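Structural features, examined
Spelled out from the first residue to the last, the chains are:
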Amino acid sequence: MRSAAWLVLLICGAMSVAPDASEKATDEGEAVLLSNTRQLTFEGRRSGEGYFDRSGTKMVFQSEREPGNPFYQIYLMDLETGDTFRISPGTGKTTCGWIHPSGQRVFFASTHDDPEALEKQKEEIGFRESGQERRYSWDYDEHFEIYSADPRGGDVRRLTRARGYDAEGSLSPDGRQVVFASNRHAYSQELSPEDQELLKIDKSVFMDLYLMNADGSNVRRLTDVRGYDGGPFFSHDGSKITWRRFSEDGVTAEIYTMNPDGSGQKAITRMGAMSWAPFFHPSGDYLIFATNKHGFGNFELYLVDAEGKSEPVRVTHTDGFDGLATFSPDGQRLAWTSNRTPDDQSQIFLADWNHEKALELLGLGMSGADAEMPLDLPATQSGIAVEDLRQHVAFLAADRLEGRLTGTAGERMAGDYIARVFASLGLLPAGEEGTYFHDFEFTSGVEVGKDSRLRIKVGDQEHTPVIDQDWRPLSFSKTGAIEEAEVVFAGYGIVAPEAPGQEEYDSYVHLDVQDKWVLMLRYMPEDISSERRQHLARHASLRYKAMVARDRGAKGILVASGPTSQVKDQLVDLSFDASMSGTSVAAVSISDTFAAQLLGSADKDLESLQKDLDGGDQMMGFAIPSSSVSAHIDLKYNKSVGRNVLALMPAGDEPVGEAVAVGAHMDHLGHGEASGSLARAGEKGQIHNGADDNASGVAGMLEIAQYLAEQKASGNLKARRDVLFAAWSGEELGLLGSSHYVNEFDQDQDNDLKPQVTSYLNLDMIGRLREELVLQGIGSSSVWNGIVERRNVPVGLSLSPQDDSYLPTDATSFYLKKVPILSAFTGAHEDYHTPRDTADKLNYAGMRSISRFMALVVRDLVQREESPDYVAMEEPEDKGARAGLRAYLGTIPDYAPGDVKGLQLSGVSKGSPSDQAGLQAGDLVVELAGRTIENIYDYTYAIDALKIGETVDITIVRDGQRMTFKITPTSRE
């Protein structure tokens, strides 16, 4: 039988134990690592176990505060407003809440499905009302299961269903996996008579750690040691799991770490006490945990390095209980549960954390990622300095910021850093309510809801396809119930008007689709000329096809890829779309198997039909007899908040209301979950640090701000205009932050800190200067050529001016509002949008030259009498919406050559078709598949005409020699 000492320990919740001494005394030793300590929760009998969300602005915790329920329930608190919502259903017991990285789901363990939950509540209330008080214990109730809910407690989903205690769950940093504790194997395998008796007395001895997918699937066991393994957490980068392992008799426990697959299990403490509740610091250098080495009822917080090599270091010095500590995502705050309250009841406390001191006490020093991650501002040098640029990039592109995906903690950490720099330079806050921050809400993703279902009738047979296996809604589909309706087939579903040299194409000739489902193929005919392909491509996007079907009265569309399309996945990906605008027609992707079954009802064969259509000849659509489809489509659009950072340098003592704007986007791709990642297969899920894209541009913008602030302070800048400095977010998702700014703060708005912007300078990817700096937007004003020439004289950059003002960067948001723009860019490279875009690869001397040049341009603009004029340009025809490039060649364009006839390559992706064909950096593409290539638009238009898997000629010029290679496009999808 286990020691009775075990009964006082709450495994995953707050502890309420009387201190050894009758009076608490806080030692000054706590001030070494903790400052500004304050109580965070007050309501209810007790609260504990608080965990931050990814942004550090919300906390999930458990608390006894529900009338009629004496047990813990799970709550979510907004740390900025104090608003608190109950997440758990309110019945039964709960423990161990955790917030999904997206912020859209909260995970917790609960017994609310226990049929006797209410009776157990009444029994406990009666016991307490009798004047008795239980010493806290944990019963490993076999009705504990893991659930998730939305942030208001709705849409509760059960994830585990095995008999036994399933609880103590936490998520991996990417939100894909849940590690949890369970004794389920004790209920599913045959036990010896001795173990059967032990299970009745002490269920904890059979506890082990398990890993499952976030939807509850693919459960696998990680530990298999007698004695209690529990309380697991991932490290900040997901490379390790930490937990506490009790001895079989339950008297002692130590802190362990292991790899996420269960290998490499290692004890990192050997204190011979009850050491538990470990949690990694975001740096990964050390962990914090609780131990009672100073007395049975006196739990204190300690640190230990991640390898367990150092002597543990004491953190708290207050008699009683201090435990269940967690760090904020930025590593600068500590939350923990303590009964240092006047009534000795446990509540959550918060304090500022001294990371540098912790490293010092553990003998670790600032090394690795920390050495590149200043928690405060760098010691800036005057002017524009290479070292300052390097330090800015080191912070913004560090792993700790996890790729700065819009709406995440990494983005907020980047924004906080930038705001601190602005404040240190004496710039005025130009955001909302006297702050540097300008928030905007956006749709951060879409997921299929649990109520989605599809029913297909073919003759006398009724089918219920499996979601994500046989069918999937499209992201823009109409939602809700779609009544049963007949099905018709409309070939490729394309309607393209007649054009010079091109005949009309109409998949709907004489086809009645009113109130019917339209089955169509996904792309366009495969075996047609390149000219025909380019004509149809403009009308072949799925959104356009859905619009055409809708306008003809269809109830919905069923999209099948077909066997000749050579796709990697038959179902259309539920991809993120920044606009997320829906349509009034249902849109569903189905597998070839179900498409074939439907067509079989009309005695048609899917492959034969597609082959006939691929020749390009038009085919009459037809009704599919004895077939019908009904659906209920449930799509959940996840909303998040992004944040721009804005500051103003007034021309004089006060703003004048007219400003030159200098901006750079601070966001990037996170772990590649946003669209646009070009990570190789082995790099999927890794942090996309975005050093060049666009920590480089932000660093340059900050140095320009410092230079101009120094110029003004020294009296060397006689400005007529203010300067607005902006770090945009949401650029990678579609220019969201800058578009929100220009739309919300119209040019004629009367607000000193929302000035009329007369010109906009952009820095996006300035970190890979090779031979030339590309200056885009020269055509947006007649003054740019003269200003650029004069201001480049003291710098001496080799420039490649380009007229184009419709750019895939934030400058376009301003140009569309009739503001002249100038955008600096050093070109694409093979590390673009991959985890390989790291700080060590940047040309910091080149960045300094570019920043200095752009600062001189700003200096010119704020001092000149008249603002630049605006020149309207036509948007290049080939930038119009098309179906999107299916064909993949793996070439990396070099934008620097400017007026060179052809497409210069800065590189080719390893293993890509271009690499296999023999192309290399420096090649000038002049012909592709028989089409002349004179610029990037000719090139993308030619790629549009390529057929997957069909080898074509590509002609290049290398070292003055014209060479032709064979290249075989592969599919992007």
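1. Considerations on the overall build of the chain
Secondary structure summary: the chain contains 17 helices and 51 strands in total. When the 973 residues of the chain are sorted by exposure, 59% land in the buried category. Of the contacts formed within the chain by residues at least 6 apart in sequence, a portion of 68% connects residues at least 24 apart. About 37,500 Å² of surface is accessible on the chain, with carbon and sulfur atoms providing 45% of the total.

2. Considering the sheet that holds strand β18 (residues 275-280)
What the four strands build is an open sheet, ordered β18-β19-β20-β21; its pairing is antiparallel. Taken across any chain shown, the strands that pair with only one partner, and hence form the sheet edges, are β18 and β21 (313-314). Note: strand β20 (residues 300-305) against β21, two bridges, orientation antiparallel. Each residue of the ladder has a partner; that of Tyr-302, found in β21, is Arg-314.

3. Focus: the environment of Thr-252
Mapping Thr-252 onto the fold places it in the loop between β15 (241-246) and β16 (253-258). In this structure the C-alpha to C-alpha distance between Thr-252 and Met-271, which are 19 residues apart in sequence, comes to 8.7 Å. Excluding anything up to four places from it in sequence, Thr-252 contacts Arg-245, Phe-246, Ser-247, Gly-272 and Ala-273.

4. Points about the packing of aromatic side chains
Taken as a whole, this structure holds 32 aromatic pairs when the rule is applied. Judged by centre distance (5.5 Å) and plane angle (80 degrees), the rings of Phe-144 and Tyr-165 are edge-to-face. With Phe-144 in the loop between α1 (117-129) and β8 (145-149) and Tyr-165 in the loop between β9 (157-158) and β10 (166-171), this residue pair connects regions lying 21 residues apart in the sequence. Note on Phe-144: relative accessible area 0%, which makes it buried. Overall, the relative accessible area of 0% leaves Tyr-165 in the buried class. Both rings, one in Phe-233 and one in Phe-279, keep their centres 5.2 Å apart while their planes meet at 65 degrees; by these two values the pair is edge-to-face. Here Phe-233, found in strand β14 (residues 229-234), pairs with Phe-279, found in strand β18; they are 46 residues apart in sequence, far enough to count as distant. Across the pair, exposure class does not vary: Phe-233 and Phe-279 are buried alike.

5. Topic: unusual backbone geometry
Omega for the bond connecting Asp-693 with Asn-694 falls within 30 degrees of zero, at 5 degrees, which places this linkage in the cis form. Counting through the fold element by element, Asn-694 comes out in helix α11 (residues 691-713). The backbone of Asp-155 sits at a positive phi, close to 50 degrees, despite the residue not being glycine. Turning to its location among the elements, Asp-155 is positioned in the loop between β8 and β9. Assessed through its relative accessible area of 21%, Asp-155 is described here as partly exposed. Phi is positive for Ala-929, close to 55 degrees, though the residue is something other than glycine. Within the secondary structure layout, Ala-929 lies in the loop between β47 (924-928) and β48 (931-932). A residue is classified by how much of its surface remains accessible, and Ala-929, at 31% relative accessible area, is partly exposed.

6. Quick word on empty space enclosed by the protein
Applying the stated criterion across every chain yields a total of five cavities of 30 Å³ or more. Lining the largest cavity are 28 residues, and of these Phe-52, Trp-98, His-236, Phe-279 and Pro-329 sit closest to its centre. Where the lining of the largest cavity is concerned, the elements lending two or more residues are β2 (46-52), β6 (94-99), β18, β22 (322-327) and α6 (409-424). Of all the elements, α6 adds the most residues to the lining of the largest cavity, at three residues.

7. Some remarks on the packing of helix α5 (residues 386-396) against α6
Interhelical geometry of α5 versus α6 gives an angle of 150 degrees and a closest axis separation of 10 Å. One element, α5, and the other, α6, form an angle in the roughly antiparallel class. Packed against α5, whose contacting residues are Gln-391, His-392, Phe-395 and Leu-396, the element α6 presents Met-413, Ala-414, Tyr-417 and Val-421 at the interface. For the contact of α5 with α6, the residue count by class is six nonpolar, two polar and no charged.

8. Side note on the side chain of Arg-643
Along the chain, Arg-643 falls in strand β37 (residues 635-649). Here the side chain of Arg-643 touches Asp-416 through a polar contact of 2.8 Å, side chain to side chain. For Arg-643, the residues in contact, after removing those within four places along its chain, are Glu-411, Arg-412, Gly-415, Asp-416, Phe-437, His-438, Asp-439, Phe-440, Met-666 and Ser-729.

Quick notes on the rules
- Residues numbered from 1 in each chain as written.
- Predicted model: local features only at pLDDT ≥ 70, side-chain atom pairs only at ≥ 80, totals over all residues.
- Heavy atoms only, no water.
- Helix = DSSP H or I, 4+ residues; strand = E, 2+ residues; numbered from the N terminus.
- Buried < 20%, exposed > 50% of the residue type's maximum accessible area, 1.4 Å probe, protein only.
- Contact = heavy atoms within 4.5 Å.
- Areas by Shrake-Rupley, 256 points an atom, 1.4 Å probe, with all protein chains shown as cover.
- Pairing = 2+ DSSP bridges.
- Phe/Tyr/Trp six-rings, centres within 6.5 Å; stacked < 30°, edge-to-face > 60°.
- 1 Å grid on protein atoms, 1.4 Å probe; cavity = no way out; pocket = protein on both sides within 12 Å on 5 of 7 lines; lining within 4 Å.
- Points joined across faces, edges and corners; volume = space filled by probe spheres on them.
- Axes fitted to C-alpha atoms, helices over the stretch in contact; angles between N-to-C directions.
- Parallel < 35°, antiparallel > 145°, perpendicular 65-115°, else oblique.
- Nonpolar A, V, L, I, M, F, W, Y, C, P; charged D, E, K, R; others polar.
- Polar contact = N/O pair within 3.5 Å; in protein donor to acceptor, adjacent residues only side chain to side chain.

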